[in-house]
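Fold and geometry: a report
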Amino acid sequence: MARAAGPERRLLAIYTGGTIGMRRENGVLVPGKGLADVLRTLPMFHDKEHAQDLPADTLVLPPASADQRIIYTVLECQPLYDSSDMTITEWVHIAQIIERQYTQYHGFVVIHGTDTMAYAASVLAFMLENLQKTVIITGAQVPIYALWNDARENLLGALLMAGQFVIPENQLFRGTRVTKVDTRRFAAFYSPNLPPLAVMGADVLINRTLVRKVQGKDQLVVHRSMERDVGLLRLYPGIPAALVGAFLQPPLKGVVLETFGSGNGPTKPDLLLELRQAAERGLIILNCTQCLQGTVTSDYASGMAMAGAGIVSGFDMTSEAALAKLSYVLGQPGLSLDGRKELLARDLRGEMTLPTADECQPSLHSSTLGLGVAQLLSLSQEVLPGV
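So, here is what we can say about the structure in this document. Note that the coordinates shown come from a computational prediction; the quantities given were computed from them, not determined experimentally. (Residues numbered from 1 in each chain as written. Predicted model: local features only at pLDDT ≥ 70, side-chain atom pairs only at ≥ 80, totals over all residues. Heavy atoms only, no water.)

Some words on the sheet that holds strand β19 (residues 312–313)
Strand-to-strand pairing in sheets goes through backbone hydrogen bonds, with the strands running parallel or antiparallel. In plain terms, the rule: What makes two strands pair is DSSP finding at least two bridges between them. Only DSSP runs of H or I with at least four residues qualify as helices, and only runs of E with at least two residues qualify as strands; both kinds are numbered from the N terminus onward.
The strand order across the open sheet built from four strands is β16-β17-β18-β19, with neighbouring strands paired in parallel fashion. The open sheet terminates on both sides in strands that have one partner only, identified here as β16 (230–234) and β19. The sheet contact formed by strand β18 (residues 284–289) and β19 spans two bridges and is parallel. In the sheet register, L286 faces β19, and the bridge partner there is V312.

Remarks on the side chain of Q132
For the record, the criterion: The term polar contact refers here to a pair of N or O atoms within 3.5 Å; inside protein, the definition further demands a hydrogen-donor-capable atom paired with an acceptor-capable atom, and it admits residues adjacent in sequence only when both atoms are side-chain atoms.
Here Q132 lies in the loop between β8 (128–129) and β9 (134–138). A polar atom in the side chain of Q132 sits 2.7 Å from the backbone oxygen of D218.

Notes on the sheet that holds β9
To be explicit about the condition: Here an axis means a line fitted to C-alpha atoms, over the contact stretch when the element is a helix, while the angle between two N-to-C directions is reported on a 0 to 180 degree scale. Contact criterion: two residues are considered in contact whenever any of their non-hydrogen atoms come within 4.5 Å of each other.
Ordered in space as β5-β6-β2-β7-β9, the five strands form an open sheet in which the pairing is mixed. With partners counted over all chains shown, the strands left at the sheet margins are β5 (58–60) and β9, one partner each. The sheet shows a mean angle of 25° between the axes of neighbouring strands, direction not considered. By the bridge criterion, three bridges tie β5 to strand β6 (residues 69–81) in an arrangement that is antiparallel. Its bridge partner being in β6, V60 is matched across the sheet by I71. Lying on the sheet, helix α2 (residues 88–100) is in contact with β2 (8–17), β6, β7 (107–111) and β9; it crosses β2 at an angle near 160°.

With respect to helix α6 (residues 269–280)
To keep it simple, the criterion reads: A helix is expected to span 1.5 Å multiplied by its residue count minus one.
Compared with the 16 Å implied by 1.5 Å per residue over 12 residues, the 16 Å span of α6 between its first and last C-alpha is a close match. Within two residues after α6, G282 carries a phi angle of roughly 100°, on the positive side.

Digging into the environment of E342
Just so we agree on the cut-off: Note on exposure labels: buried denotes an accessible area under 20% of the residue type's maximum, exposed denotes more than 50%, and partly exposed covers the range between, all computed with a 1.4 Å probe on protein chains only.
Positionally, E342 belongs in helix α9 (residues 337–344). Residue classification places E342 among the partly exposed positions, given a relative accessible area of 37%. Considered as a pair, E342 and V312 are 30 residues apart in the sequence and their alpha carbons are 9.2 Å apart.

Let's talk about the packing of aromatic side chains
Rules: Ring pairs are drawn from Phe, Tyr and Trp, using the six-membered ring of Trp, whenever the two centres fall within 6.5 Å, and their geometry is named by plane angle: stacked under 30 degrees, edge-to-face over 60, tilted for the rest. Any Lys NZ or Arg CZ found within 6 Å of a ring centre and within 35 degrees of that ring's normal is scored as a charge over the ring.
Counted under the stated rule, the structure contains four aromatic pairs. For the ring pair Y105 and F108, a centre distance of 6.2 Å and an interplane angle of 65° mean the geometry is edge-to-face. Across the pair, exposure class does not vary: Y105 and F108 are buried alike. Put simply, the rings of Y102, Y105 and F108 touch in pairs and so form one group of aromatic residues. For K133, the ring lying beneath its charged end belongs to Y102, and the centroid distance is 4.7 Å. The cationic tip of R349 hangs over the ring face of Y328; the distance from NZ or CZ to the ring centre is 5.3 Å.

Brief notes about the nonpolar core
Spelled out, the test is: Side-chain atoms within 4.5 Å link the members of a nonpolar core, which is a set of buried Ala, Val, Leu, Ile, Met, Phe, Trp, Tyr and Cys residues.
Counting 52 residues, the largest nonpolar core has I14, W91, I94, I98 and M127 as its most contacted members. Broken down by secondary-structure element, the contributors of at least two residues to this core are β2, α2, β7, α3 (117–127), β9, β18, α8 (319–331) and α9. If we ignore the near neighbours within four places in the chain, the residues touching I14 are L75, C77, I94, I97, I98, V109, V110 and I111.

Looking at the packing of α2 against α3
Short version of the rule: The scheme is simple: roughly parallel for angles under 35 degrees, roughly antiparallel for over 145, roughly perpendicular for 65 to 115, oblique for anything else. Here a crossing is called left-handed whenever its near helix is offset anticlockwise from the far helix by less than a right angle, and right-handed whenever the offset is clockwise. When residues are grouped by polarity, Ala, Val, Leu, Ile, Met, Phe, Trp, Tyr, Cys and Pro land in nonpolar, Asp, Glu, Lys and Arg in charged, and all others, Gly among them, in polar.
Across the interface, α2 lies against α3 with an axial gap of 10 Å and an inter-helix angle of 55°. By the criterion of interaxial angle, the relationship of α2 to α3 is oblique. In this structure, α2 meets α3 at a crossing whose hand is right-handed. Between α2, through I88, W91, V92, I94 and A95, and α3, the contact on the second element is made entirely by Y119, A120, V123, L124 and M127. Here the residues of the contact of α2 with α3 are counted per class, giving 10 nonpolar, no polar and no charged.

Let's talk about the side chain of D316
As for its placement among the helices and strands, D316 is situated in the loop between β19 and α8. Not counting chain neighbours up to four residues away, the residues in contact with D316 comprise R177, N193, G294, T295, E351, M352 and T353.

Section: the environment of L248
Among the secondary structure elements, L248 is positioned in the loop between α5 (241–247) and β17 (254–259). The sequence separation of L248 and L283 amounts to 35 residues, and the corresponding C-alpha distance is 7.9 Å. Residue contacts for L248: discarding those within four places in its chain leaves V255, E274, L275, A278, R281 and L283.

Focus: the packing of α3 against α8
Taken N-terminus to C-terminus, the directions of α3 and α8 make an angle of 35°; their axes are 8 Å apart at the nearest point. Considering the relative orientation of α3 and α8, their crossing is right-handed. Here A118, Y119, S122, V123 and F126 of α3 lie close against α8, whose contacting residues are E320, A321, L323, A324, K325 and Y328. Considering only residue class, the contact of α3 with α8 consists of eight nonpolar, one polar and two charged.

Concerning the pattern of salt bridges
What counts is decided by this rule: Counted as salt bridges are all cases of a side-chain nitrogen of Lys or Arg within 4 Å of a carboxyl oxygen of Asp or Glu.
Tallying each qualifying case throughout the model produces 11 salt bridges. For K180, the salt bridge identified is with D115, shortest N-O distance 2.8 Å. Residue K180 is found in strand β11 (residues 179–180), and its partner D115 is found in the loop between β7 and α3; the two are separated by 65 residues along the sequence. Close ionic contact of R177 with D316 constitutes a salt bridge, the shortest N to O distance being 3.1 Å. Residue R177 is located in the loop between β10 (165–166) and β11, and its partner D316 is located in the loop between β19 and α8; the two are separated by 139 residues in the primary sequence.

Details of α2
For α2, with 13 residues, the first-to-last C-alpha span of 18 Å sits near the 18 Å given by 1.5 Å per residue. Listed as buried for α2 are I88, E90, W91, V92, I94, A95, I97 and I98.

All we've got here are geometric facts, nothing functional implied.
See below:
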């Protein structure tokens, strides 16, 4: 991570839709077109005196520092999306825009609806490999047109961060660590198992020990072949084995299983049989806790039983990151089933905290999962930059 140099920093702001630009029509909020025109009327987003001969979609911020200007172009998606309708297809499109424009801009800001922003951040993190430029995803709980809103601060902060710092990460929170925790408060997102990468106040405080370092100068790689046939299943007390079995049927290729506490679930023989049979068919089951904080372990008998059923530990990953990682790993060509499980057990984009050797010791030889972790502990862990 370094402070960006040069008198001019050029950014691409990709406006996908979301609350930030919505307008109220007939009593409901609908996607609002023409965000660049709106920003042009707000002095904090556009310095008219400095803007000369700029295209209609390009604006310039007031001076970020005495010797640096941030110029940004707003690329508006057609059509604009409600984030509830966003899928891997739309996120691949965003990644491809970044790929095509990668050499033209110093950084990127993706303006996205907040409802599925955590999913988008995680998916983009796995799609964009060898990222060496800043990509920040931002949005708002209240439209920028409203008198009292969070949109202006969020967007301005994102533009300043992307323009002034080279952080090959995503958001002020790492994209693969964040989840939405509130429907109304402006502080809608939380990173339960990793502190913020940066905090903006009177000063910008960067947590430099957490920002992943750029490794080498390899070319950006966009992974388009993300697997769509993955799912998310939340266990609950008394869940019928037949329901679980029905959910795990083809064409499903992988599932994130949200379990109790530190990775536990019902030990009923009929339910465990469904999990084993699914695993024997080649379905990958990734175990993540329903708890907001903490990690999956195998300290309890039921946890051991579930690991014995062929379930892979997701450690402290959020469900959003786990689903994105599963899609990424299953989309990689030429890997065996064991190879995919090994890749899932690695920290690829800063998405999880791997246990130490001592923490793994109780379960190293008591389950198929433990044996897999034991083997992986001997592998070198290359650090890939997150998005």
